[in-house]
Each structure stands twice: as structure tokens, then as C-alpha cells.
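# Report on the structure
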Amino acid sequence: MQHSPPPLFKQGASARVKVIFFAIFSIALLLIDSRINSLVRVRQVVGTALYPLQMLVLMPRDAARNVGDYFASTSTLQKELTALKLQQITNTQTIQKTLLLQTENDHLRQLIDLKARTPSASVLAEILYDARDLYNRKIILNKGSQHGVALSQPVIDERGVVGQVTRVFPLTAEVTLLTDKNQAIPVQVQRNGLRSVINGRGRSAFLDMRVTSNADVQLGDILVTSGIDGIYPAGLQVAKVAQFENKATSTFEIVLCAPLAGIDLHKQLLILLVETDKLPPPELEEVRAKKEKINRKVTRDATKDSPKDGTVDVSKDNSLVPPKPVEAAPVSVPATSVKEVR
């Protein structure tokens with residue numbers, strides 16, 4: 001007869017009975033909770049008690065996820081930083097181009113307004129490049145004889161005189177700047193009308209004007225074109241008196257003037273289409289030197305004969321009419337201020 005060995009411990013209810021019991025108990029709890037919501041407090045207590053255990057179980061997963069997010073975010077940040085640097089460089093270039101275009105636009109507006117206010121015909125030109133010459137100040141413009149440009153025509157901007165056309169081609173023109181050592185322009189002081197001639201000094205930023213030591217010239221005086229040469233219209237601003245250079249061995253005083261025009265600032269200029277073919281030819285150097293010598297001699301004799309105290313000498317003439325002052329012969333100004341380059 002077969003029989004199982006006696007159990008060492010008391011077994012209690014069988015497993016089948018336990019499963020059936022707990023199943024019925026669970027269904028009863030579900031019905032009770034759904035009907036009267038009496039187990040909400042119990043569920044909250046159990047959830048609170050089990051929360052630390054849940055966090056402890058989730059710690060390995062969160063640690064692995066955080067490590068992956070760290071490396072992924074570092075790589076993403078590096079890519080975004082590189083993209084932002086490239087965008088910053090692009091934006092900087094765009095801003096610089098925008099500022100340059102705005103400056104050129106303002107300059108063009110001023111030139112157009114100046115062109116409308118200028119009585120003579122004019123043409124707007126753009127600087128192509130500077131002439132490759134260390135001893136001359138020249139630029140090349142994109143307008144030539146096909147556009148009405150002729151030799152010796154003045155070139156200006158919205159501030160004043162820039163230079164003069166010294167060589168003309170069909171599509172381009174060469175302009176000698178105001179600061180060139182061979183450039184000379186008849187000017188007058190705007191304040192009192194004193195006339196003189198202003199010359200360039202080569203690579204120097206100043207212009208040179210020679211006047212007598214007692215001439216009424218002050219710092220800050222504005223020099224404008226006198227118009228007596230027939231090329232430059234009268235009233236164009238040329239320079240501003242900056243400082244004086246006195247020489248003890250000469251009766252003349254050198255006045256250094258700063259150009260008012262933006263000679264090295266802009267790319268667009270205005271060429272005044274004045275008629276230069278009807279101007280008289282310039283005087284020869286010998287004739288000019290002879291006239292200057294006669295003027296100096298007449299002035300010296302007049303100064304020597306005149307009394308120092310300003311009284312009238314009646315010893316030679318019984319009449320009370322004072323002697324007429326001797327007038328110096330006028331110094332002629334050349335019609336063209338720049339030698340023609342052939």
C-alpha cells in the first residue's frame with residue numbers, strides 16, 4: 001500500500017484553495033473600491049510607503065539615462081555653438097555691408113542734391129582705382145570723353161573741390177587730386193574776399209597758400225574758389241586755414257590749409273562739364289616771372305617813397321593834393337592750374 005511521508009510541518013490549506021480565496025477577495029475589493037471609494041486612503045498610504053522603494057529601483061535606469069543625455073547635450077551644444085559663431089560672422093559681415101551701403105547711399109543723395117543745385121552740367125562718376133605713383137596724387141574715374149568729360153574740368157564732392165581732370169580717355173579719365181604738388185587753384189578768403197593761389201604739397205595732408213605777412217588771414221577761415229581762372233565756378237569750398245608758417249628771410253607767410261573735400265573717403269564724385277576749349281592759353285613761365293619781378297619792384301619803390309608816418313610830403317609840390325599811390329600791376333593767374341599731360 002502506497003502512502004506519502006508524513007509532513008514535517010503542518011501544511012494548512014491547499015494552494016488551489018488559496019488562489020480561489022484571494023481571487024474572490026480581490027474581486028470584492030475592486031467592487032467595494034469602485035462603488036463606495038473606501039480604499040482611497042489605504043491606497044495613498046501604501047503608495048507613500050512604497051515610494052522610496054520605487055525610487056531605489058529606478059535609480060540605475062535614471063543614472064544611465066542622465067549619462068546618455070549629458071554626452072548628447074554636450075555634442076549638441078558644441079554643434080550649436082559652432083553654428084552660432086558662423087552666424088555671428090555672417091551677421092557681422094552683413095552689418096558692415098549694410099553700413100557701407102548706407103554711407104554710400106547718403107553720399108549719393110548728397111551728390112544728387114549738389115548736382116541739382118549746380119548751375120553747370122555735371123556727370124556722376126565712380127573711382128575705379130588709384131594711380132600707381134608714389135609722387136603724384138591721381139585717381140581713375142569710370143567716365144571719359146564719351147560721357148562729355150574734357151581736359152581740365154573740375155571734380156568735386158558734396159563738401160568741396162577734389163581735383164581736376166588731367167587726362168581723358170574714351171571711357172575713363174585721370175584726375176589729379178587737390179593735394180598733388182603740381183595742382184594750383186585760385187581761391188579767396190570767404191570772410192573778406194582776399195585772393196590768392198593754393199597749391200598741393202604732394203603726400204602731405206595740407207595745402208600751401210602764400211600771402212604777405214600783413215594779410216588778413218585768420219585760423220578757421222574758409223577758402224573758396226574765386227572763379228577768375230574760368231574753370232572752377234566761384235564759391236566752391238576748397239580748404240580751411242589750419243596753421244601758419246613764418247619765415248624770417250621772406251616777406252611772405254606760408255599758410256597751411258586742410259582740404260574740406262573727402263579726398264580719400266568716397267568712391268563717387270561729380271565732374272563739372274564746364275567748357276574748357278574756349279579758355280585762353282596759359283602764360284609762359286618767362287612772362288609770368290617778368291611780371292612778378294616788375295610787380296615786386298613797383299611795390300618796393302612805392303613803399304620806399306611813401307613817408308613812414310603817413311603825412312603828405314608838400315616839399316616837392318605846393319599843392320595840398322596828396323600824391324596818388326602807385327598801383328601794382330595785377331598778377332595774372334594761369335587759365336589752367338595743372339599742366340596738361342600729353
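The structure reproduced in this document is the subject of the present report.

Rules used throughout
- Residues numbered from 1 in each chain as written.
- Predicted model: local features only at pLDDT ≥ 70, side-chain atom pairs only at ≥ 80, totals over all residues.
- Heavy atoms only, no water.
- Helix = DSSP H or I, 4+ residues; strand = E, 2+ residues; numbered from the N terminus.
- Buried < 20%, exposed > 50% of the residue type's maximum accessible area, 1.4 Å probe, protein only.
- Contact = heavy atoms within 4.5 Å.
- Areas by Shrake-Rupley, 256 points an atom, 1.4 Å probe, with all protein chains shown as cover.
- Salt bridge = Lys/Arg side-chain N within 4 Å of Asp/Glu carboxyl O.
- Phe/Tyr/Trp six-rings, centres within 6.5 Å; stacked < 30°, edge-to-face > 60°.
- Pairing = 2+ DSSP bridges.
- Core = buried A, V, L, I, M, F, W, Y, C linked by side-chain atoms within 4.5 Å.
- Axes fitted to C-alpha atoms, helices over the stretch in contact; angles between N-to-C directions.
- Expected span 1.5 Å × (residues − 1).
- Polar contact = N/O pair within 3.5 Å; in protein donor to acceptor, adjacent residues only side chain to side chain.

## Describing the overall build of the protein
When its secondary structure is counted, the protein shows three helices and 12 strands. Burial status across the protein gives 25% buried among its 342 residues. Of the contacts made within the protein by residues no fewer than 6 positions apart, 59% connect residues no fewer than 24 positions apart. For the protein, the accessible area works out to roughly 24300 Å², and carbon and sulfur atoms hold 59% of it.

## Notes on the pattern of salt bridges
In the structure shown here, the tally under the stated rule is five salt bridges. Residue E126 pairs with K267 through a salt bridge whose shortest N-O separation is 3.8 Å. Of this pair, E126 sits in strand β1 (residues 122–130) while K267 sits in the loop between β11 (252–259) and β12 (268–272), and the two are 141 residues apart along the sequence. Overall, E126 belongs to the partly exposed group, its relative accessible area being 31%. Residues D216 and R191 are paired through a salt bridge, measuring 3.2 Å at the closest nitrogen-oxygen approach. Of the two residues, D216 sits in the loop between β8 (207–212) and β9 (222–225) while R191 sits in the loop between β6 (184–189) and β7 (195–200), which places them 25 residues apart along the sequence. Look at the salt bridges and you will find they share partners, linking R191, D216 and D221 into a network.

## Some details on the packing of aromatic side chains
What the rule picks out here adds up to two aromatic pairs. Between F21 and F22, the ring centres sit 5.3 Å apart and the planes meet at 70°, which makes this aromatic pair edge-to-face. Where F21 meets F25, the ring centres are 6.3 Å apart and the plane angle is 15°; that geometry is what we call stacked. Here F25 and F21 lie together in helix α1 (residues 15–36), a separation of four residues that amounts to about one turn. By way of ring pairs, the aromatic residues F21, F22 and F25 are connected into one cluster.

## Let's talk about the pairing of β7
On β7, burial follows the alternation: S196, I198 and G200 on one face are buried, whereas R195, V197 and N199 on the facing-out side are not. The pairing of β6 with β7 spans five bridges and is classified as antiparallel. Across the sheet, V187 pairs through a bridge with S196, a residue of β7. Following β6, the chain reverses through five residues before pairing antiparallel with β7; G193 in that reversal takes a positive phi of roughly 80°. Inspection of the sheet shows β7 paired to β8 by three bridges, in the antiparallel sense. Bridged to G200 within β8 is L207. Between β7 and the antiparallel strand that follows it, β8, lie six residues; G202 among them carries a positive phi value of about 75°.

## A look at unusual backbone geometry
Trans is the prevailing form of peptide bonds, just as negative phi is the prevailing case for residues other than glycine. One non-glycine residue, S152, lies in the positive phi region at around 75°. Along the polypeptide, S152 turns up in the loop between β2 (138–141) and β3 (154–156).

## Some thoughts on the nonpolar core
What tends to happen in soluble globular proteins is that the nonpolar side chains get buried as a cluster. L141, I198, M209 and C257 are the most contacted members of the largest nonpolar core, which has 41 residues in total. Take this core: its biggest share by element is four residues, from β12. Ignoring any residue separated from it by four or fewer positions in sequence, one finds C257 in contact with I198, F206, L207, M209, L223, A239, K240, V241 and A242.

## Let's talk about the pairing of β8
The pairing of β8 with β11 spans six bridges and is classified as antiparallel. Looking at β11, one finds that L207 is bridged to C257.

## Considerations on the sheet that holds β12
Read around the barrel, six strands follow the order β1-β2-β5-β4-β3-β12 and close on themselves; strand pairing throughout is antiparallel. Averaged over neighbouring strand pairs, the angle between their axes works out to 45° when direction is ignored.

## As for α1
Taking 1.5 Å of rise per residue, 22 residues should cover 32 Å, and α1 covers 31 Å from first to last C-alpha, within 8% of that figure. At the C-terminal side of α1, N37 shows a positive phi close to 50°.

## Considering the side chain of T179
Examined against the element boundaries, T179 turns out to sit in the loop between β5 (173–177) and β6. Within the structure, the side chain of T179 is placed 3.2 Å from the side chain of R137, a separation counted as a polar contact. In contact with T179, other than residues within four places in its own chain, are R137, G200, R201, G202, S204, L207, P259 and I263.

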